[in-house]
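# Structure assessment
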Amino acid sequence: MISKSLFLTYLYLLVYILLSSGVILYNKWVLSPKYFNFPFPITLTMIHMGFSGAVAFFLIRVLKVVAPVKMTFEIYATCVIPISAFFASSLWFGNTAYLHISVAFIQMLKALMPVATFLMAVLCGTDKLRWDVFLNMLLVSVGVVVSSYGEIHFNVIGTAYQVTGIFAEALRLVLTQVLLQKKGLTLNPITSLYYIAPCSFAFLFVPWYFLEQPGMEVSQIKFNFWIFFSNAMCALALNFSIFLVIARTGAVTIRVAGVLKDWILIALSTVIFPESIITGLNITGYAIALCGVVFYNYIKVKDVRLSQLPVESIPERMTKEWKLEKKSSDIFTPDSEDDGSNSRVVSSASDQNVDEEAPLIPSSRISHIGRSQLSNRDV
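So, here is what we can say about the structure in this document.

The rules behind each value
Residues numbered from 1 in each chain as written. Predicted model: local features only at pLDDT ≥ 70, side-chain atom pairs only at ≥ 80, totals over all residues. Heavy atoms only, no water. Helix = DSSP H or I, 4+ residues; strand = E, 2+ residues; numbered from the N terminus. Buried < 20%, exposed > 50% of the residue type's maximum accessible area, 1.4 Å probe, protein only. Areas by Shrake-Rupley, 256 points an atom, 1.4 Å probe, with all protein chains shown as cover. Axes fitted to C-alpha atoms, helices over the stretch in contact; angles between N-to-C directions. Parallel < 35°, antiparallel > 145°, perpendicular 65-115°, else oblique. Left-handed = near helix turned anticlockwise from the far one by under 90°. Contact = heavy atoms within 4.5 Å. Nonpolar A, V, L, I, M, F, W, Y, C, P; charged D, E, K, R; others polar. Phe/Tyr/Trp six-rings, centres within 6.5 Å; stacked < 30°, edge-to-face > 60°. Expected span 1.5 Å × (residues − 1). Arc of directions from axis to C-beta.

## What to know about the overall build of the chain
- Secondary structure assignment for the chain yields 14 helices and 0 strands.
- Beginning at the N terminus, the succession of helices and strands in the chain can be written as α-α-α-α-α-α-α-α-α-α-α-α-α-α.
- Taking all 379 residues of the chain together, 50% fall into the buried category.
- In the structure as shown, the chain presents an accessible area of about 18200 Å², 68% of it carried by carbon and sulfur atoms.

## Quick look at the packing of helix H6 (residues 131-149) against helix H11 (residues 280-307)
- For the pair H6 and H11, interaxial distance at closest approach is 7 Å and the crossing angle is 160°. Taken together, the axis directions place H6 and H11 in an arrangement best described as roughly antiparallel. Taken as a pair, H6 and H11 cross one another with a handedness that is left-handed. Listed contacts from H11 to Asp-132, Val-133, Asn-136, Met-137, Leu-139, Val-140, Gly-143, Val-144, Val-146, Ser-147 and Tyr-149 of H6 are Leu-281, Asn-282, Gly-285, Tyr-286, Ile-288, Ala-289, Cys-291, Gly-292, Val-293, Phe-295, Tyr-296 and Ile-299.
- Looking at the contact of H6 with H11, its residues break down into 16 nonpolar, 6 polar and 1 charged.

## Some points on the packing of aromatic side chains
- This model, assessed by the stated rule, comprises 21 aromatic pairs.
- Look at Phe-36 and Phe-228: their rings are 5.9 Å apart centre to centre, the planes differ by 75°, and that puts the pair in the edge-to-face class. Highlighted residues: Phe-36 in the loop between helix H1 (4-31) and helix H2 (41-62) and Phe-228 in helix H9 (residues 225-248), separated in sequence by 192 residues.
- The interplanar angle of 35° and the centroid separation of 5.9 Å between the aromatic rings of Phe-93 and Tyr-161 together place this pair among those described as tilted.

## Focus on the environment of Ser-102
- Its location among the elements puts Ser-102 in the loop between helix H3 (73-97) and helix H4 (103-109).
- With relative accessibility at 14%, the residue Ser-102 sits in the buried group.
- Sequence spacing of Ser-102 and Ser-32 is 70 residues, and the spatial spacing of their C-alpha atoms is 9.9 Å.

## Brief notes about H6
- Compared with an ideal rise of 1.5 Å per residue, which puts 19 residues at 27 Å, H6 spans 27 Å between its outermost C-alpha atoms and is within 8% of the ideal.
- Turning to H6, its buried residues number three or more, namely Val-133, Asn-136, Met-137, Val-140, Gly-143, Val-144, Ser-147 and Ser-148. An end-on view of H6 places all buried positions within 135° of arc, on one side of the element. Along H6, exposed side chains directed more than 90 degrees from the buried face belong to Trp-131, Leu-135, Val-145 and Tyr-149.

Spelled out as structure tokens, the structure:
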């Protein structure tokens, strides 16, 4: 008989997959001219941010569910503002892509997320260029190119928006690690929404004023309160579902669930949106990219497991290895390639696996998943 704990874990995973897929499909339906016809992605994103910020404010200031962190002006200006800017950009560009390309193709392009995060981490100095990881990234990139070549309704503008959004999100992850973690600041899901959502709303207001506000004045705007309220609720619920999943599982489970969710979403999108056509070349390219992603995940999870070794056990293990080697050869020749890197904690931004639809989950929290298999969180 299945235990209650295991049952809850599977239940949370199911809820996460359903909510994540639902938010993506719901956004596509709302924005698509063929369906609800609300072609204003910045406005929709601002609704999400405004709603999330208001809920977080209510939970912290009124209900006092959690206490706000000690946020100084210096931390807010140097950490929260730049992170919010790239967060807002990733959502803006990602949602705009729904106007031009299919959900299935967007999910295939999202296979580039590890590539973008790895490149940003290397450029920012938070990760080192490793040839095994680089070859995986190359394989992923080749797969995405093949998948793009097989896309029947390929759209340059939509692809550019989605890829730009991916790199903006990757830079946000790296900045979160570099800025927040160095300050020793850890944000839970509610405090993340409390500080980042209003700031992101303010950043989105600028492009909205120049790009969407003029068009909204002269066009017939379809506004249904219950549609937008339920849409924002789904996005908020997704944040907390990811928190629950991370609290009960480890890095491997999160990554496997993400891959499963992508396949389910690709299949569902072709049913809900008949104009979304998948070709054999699409699937072949995505399968190639997925192989690279899976092997990359294997490398990172292996690194995380190595980092879980107790610090004091490492010198002991080295001493034992030295004695064995000494006994067998009477000559100790250090391995020139072993620089003790196995003893360092792997928590680079490229380790993080954040759901793009709910990226408010603090990366500083996620980067510790492998280390402590926490039981606690986010987006």
